[in-house]
Structure formats: structure tokens, C-alpha cells
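# Chain and residue survey
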Amino acid sequence: MTSWIDSLDLPERWIDLRRRRDRVARRTLVARHRRELRREIAPGHVLHGRAWEIIGLGVPARDDALLRLSDGAVALVHLTWGGAQEPPSWPMTVLVTSVDELRAELEDRGYEWDEVRAAPTGRPDPYACVVDGELMWSLLRSLDDPDHLEVPSDFDHSATRKLFDELVGRLDAAFACRTNADRHVEDASLHARVSIPSAATETGEPLVVSVSNFGSLATVAVTNPGAYSQDEFKERLAARDAARIYATLDSLGYQVVPEAPLWNDYDGPSALAALDARHGATWWTRFFDYL
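Here goes a summary of the coordinates provided. Every value quoted in this text rests on a predicted model; they were computed, and no experiment measured them.

Parameters and conventions
Residues numbered from 1 in each chain as written. Predicted model: local features only at pLDDT ≥ 70, side-chain atom pairs only at ≥ 80, totals over all residues. Heavy atoms only, no water. Helix = DSSP H or I, 4+ residues; strand = E, 2+ residues; numbered from the N terminus. Buried < 20%, exposed > 50% of the residue type's maximum accessible area, 1.4 Å probe, protein only. Phe/Tyr/Trp six-rings, centres within 6.5 Å; stacked < 30°, edge-to-face > 60°. Salt bridge = Lys/Arg side-chain N within 4 Å of Asp/Glu carboxyl O. Core = buried A, V, L, I, M, F, W, Y, C linked by side-chain atoms within 4.5 Å. Pairing = 2+ DSSP bridges.

Time to look at unusual backbone geometry. Looking along the chain, the bond that leaves Trp 90 and enters Pro 91 is cis, with omega of 0 degrees. Relative to the assigned elements, Pro 91 resides in the loop between strand 4 (74-78) and strand 5 (92-96). The phi torsion at Trp 81 lies on the positive side, around 60 degrees, for a residue other than glycine. Looking at where Trp 81 falls in the secondary structure, it is placed in the loop between strand 4 and strand 5. Positive phi, normally seen in glycine, also occurs at Ala 176, with a value near 50 degrees. One can find Ala 176 in the loop between helix 4 (157-175) and strand 6 (180-182). By relative accessible area, which is 73% here, Ala 176 ends up exposed.

This is the structure:
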């Protein structure tokens, strides 16, 4: 059943899981929220016994979730994160029936409703699938398992390698060349890397795609990782190359993040910083490097 929420843009500080760009968070964030909601909802709660899906998450705290019910109703829920069944009045839930009601509820919770939307240019943005800013850091921290540095606890090597092989084949076709794939990676958070030779690019330099063992993360660099700042990267990467490479990654469901911010110092909960104290661990080390 359709609902008034289906055509509504959420405020900027929300992960809108109806959009391809934000859906990258589904496997990590949504699964955790779904499990927690099922634990918390007790008989007598307004959502008990009703079918629902999570269509939005507030950031950065992610205590607020927007649910679309099977009958078209919309619920705004504030999780307790108690890990157990709550009294029927919790988690706090408000059924909203209009845009105005939703706006009022969100503004009461400190979210600014962004009325200004970018006008369409008629030309697809090749970077639309790239997760950056707050969403990127939220995604990276959700994947940062302190007990597993090289691969996540549920790592499926066969599926990850099959997806990478498909990526290599599609890049070969997109750039009409034979790319160079490095699959011989061990003792690393990096799964594999593929390089598109400069002769096949309009950029005039090699393009390097690195794929992580975690969360289908992927990132793109010109020449080599770490060679350029993000602004320099965008200046150098030809528009047609960007369109081809990001469309290919997006079509395979990779969670694409910009490379330059990954060189920030690692400040996560794992022991990585202590292991790499001499050189200084970065977020690049955490997800795309040898350990």
C-alpha cells in the first residue's frame, strides 16, 4: 500500500534507506536496529504484531528510526537500546499521518527540516553513490569490529572474491582493456585491488580500485592510494572515467567511500593503533591495508 511518506525527502541528517546512496547502511545499521526493536517491542505496544520496515535512521546517534508499516502508516520510534523487552509505552513511538506532523516531531527532537532541495541538472552525478561526510563515518564505525581486524566475524571469502571477480570483468568491459588485478593479499583488511591502465583512461593516469574485506567497502584512487587530496582527486579524475567506474561499483552493490578521509588517524576501539604504533594507524589501515 502506498503512503504519503513514499515521495517525501527526509532531512539532511537522516539516512534515507529508500535511496540507493543511503541503502549501503542496510546490512550493518538496519539489521542491528531491527533486532533491537524486536527485543524492545512488547505485547500492548502500538507496533506489537504489526509488520514494518525501517526506512530512515537519524544520525549521528541513530536512536531515532522512521518506520513504514504494511498498511501505509508511518511511525517515528526512539529506541532505548536496553537490549530487552520494554514496558508497553517504550520504545517511545508516535504515529504520524502527515508531512506537517512529521516535521513538528523531528524539529522537537532537534532535527532541522531542510526545505531547500538541489535543482536537477539533467546530468547524472557520477559521485552520487559515494558515501561521505557523517554517513561515511557512521558506516565505518559500524563496521569497526574491535575483535576482528583482518576479516569480520561473518566473512564469506568465496562470495567476496566472486563479487571482486565480477568487478574486474565489468571494468575490463567498461574501459575496453585488460585491467591488472592483485588478488594475492594476505594478513590484511584489504581484500584485493584492481588497476585500470592509464592508456585506457581519459584521465591519463592509472585508476586504482581497492576493495575491503569489510562490508563490501570500495574506494577509488588516481595513480596510487594516498597520492592526492580529495579536491585534487576530483580535479584529475575525468568525468567519463568517474561515470564508468562508479556506475560499475554501484551496480554490484559496493559501499563506495572517498579515499582521502581514510588517511585520518584511526581512533576506533580496536587494538590496531597499538599494533601500528610506529607508523601511526589510519582508517585506511583499518579497512584497506596490510596489517
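Turning to the packing of aromatic side chains, a few remarks are in order. In the structure shown here, the tally under the stated rule is seven aromatic pairs. Judged by centre distance (5.1 Å) and plane angle (15 degrees), the ring pair of Trp 263 and Trp 284 falls under stacked. Of this pair, Trp 263 sits in the loop between strand 10 (255-256) and helix 7 (272-275) while Trp 284 sits in helix 8 (residues 283-288), and the two are 21 residues apart along the sequence. Residue Trp 263 is classed as partly exposed on the basis of its relative accessible area of 35%. Its relative accessible area of 3% is what places Trp 284 among the buried residues. Ring geometry for Trp 283 and Phe 287: centres 6.2 Å apart, planes at 25 degrees, overall stacked. With Trp 283 and Phe 287 both in helix 8 and four residues apart, this pair spans about one turn of that helix. Across this residue pair, the class does not change: Trp 283 and Phe 287 are buried.

What follows is about the pattern of salt bridges. Opposite charge on two side chains makes pairing possible when the charged atoms of those side chains draw close. With the rule as written, the count across this model stands at 10 salt bridges. The shortest N-O distance in the salt bridge between Arg 141 and Asp 267 comes to 3.0 Å. Of this pair, Arg 141 sits in helix 3 (residues 133-143) while Asp 267 sits in the loop between strand 10 and helix 7, and the two are 126 residues apart along the sequence. Residue Asp 144 pairs with Arg 286 through a salt bridge whose shortest N-O separation is 2.6 Å. Of the two residues, Asp 144 sits in the loop between helix 3 and helix 4 while Arg 286 sits in helix 8, which places them 142 residues apart along the sequence. Judged by relative accessible area, Asp 144 falls into the buried class, the value being 6%. Judged by relative accessible area, Arg 286 falls into the buried class, the value being 0%.

In summary, soluble globular proteins display a tendency toward joint burial of nonpolar side chains. Among the nonpolar cores identified, the biggest contains 33 residues, and Leu 37, Ile 54, Leu 67, Leu 217 and Phe 287 are the most heavily contacted of them. Counting only elements with at least two residues in this core, the list comes to helix 1 (26-40), strand 2 (52-58), strand 3 (64-69), strand 4, helix 3 and helix 8. With five residues, helix 3 is the single largest residue contributor to this core. Counting 29 residues, the second largest nonpolar core, distinct from the first, contains Val 130, Val 194, Ala 218 and Ile 245.

Turning our eyes to something else, we now look at the pairing of strand 4. Of all five residues in strand 4, four are buried; the element is thus mostly enclosed. Alignment of strand 3 against strand 4, held across five bridges, turns out to be antiparallel. Among the inter-strand pairings, Leu 67 is bridged to a residue of strand 4, identified as Ala 75. The turn joining strand 3 and strand 4, which pair antiparallel and follow one another in sequence, is formed by four residues; a positive phi near 95 degrees is taken by Gly 72.

Shape descriptors only; they carry no functional weight alone.
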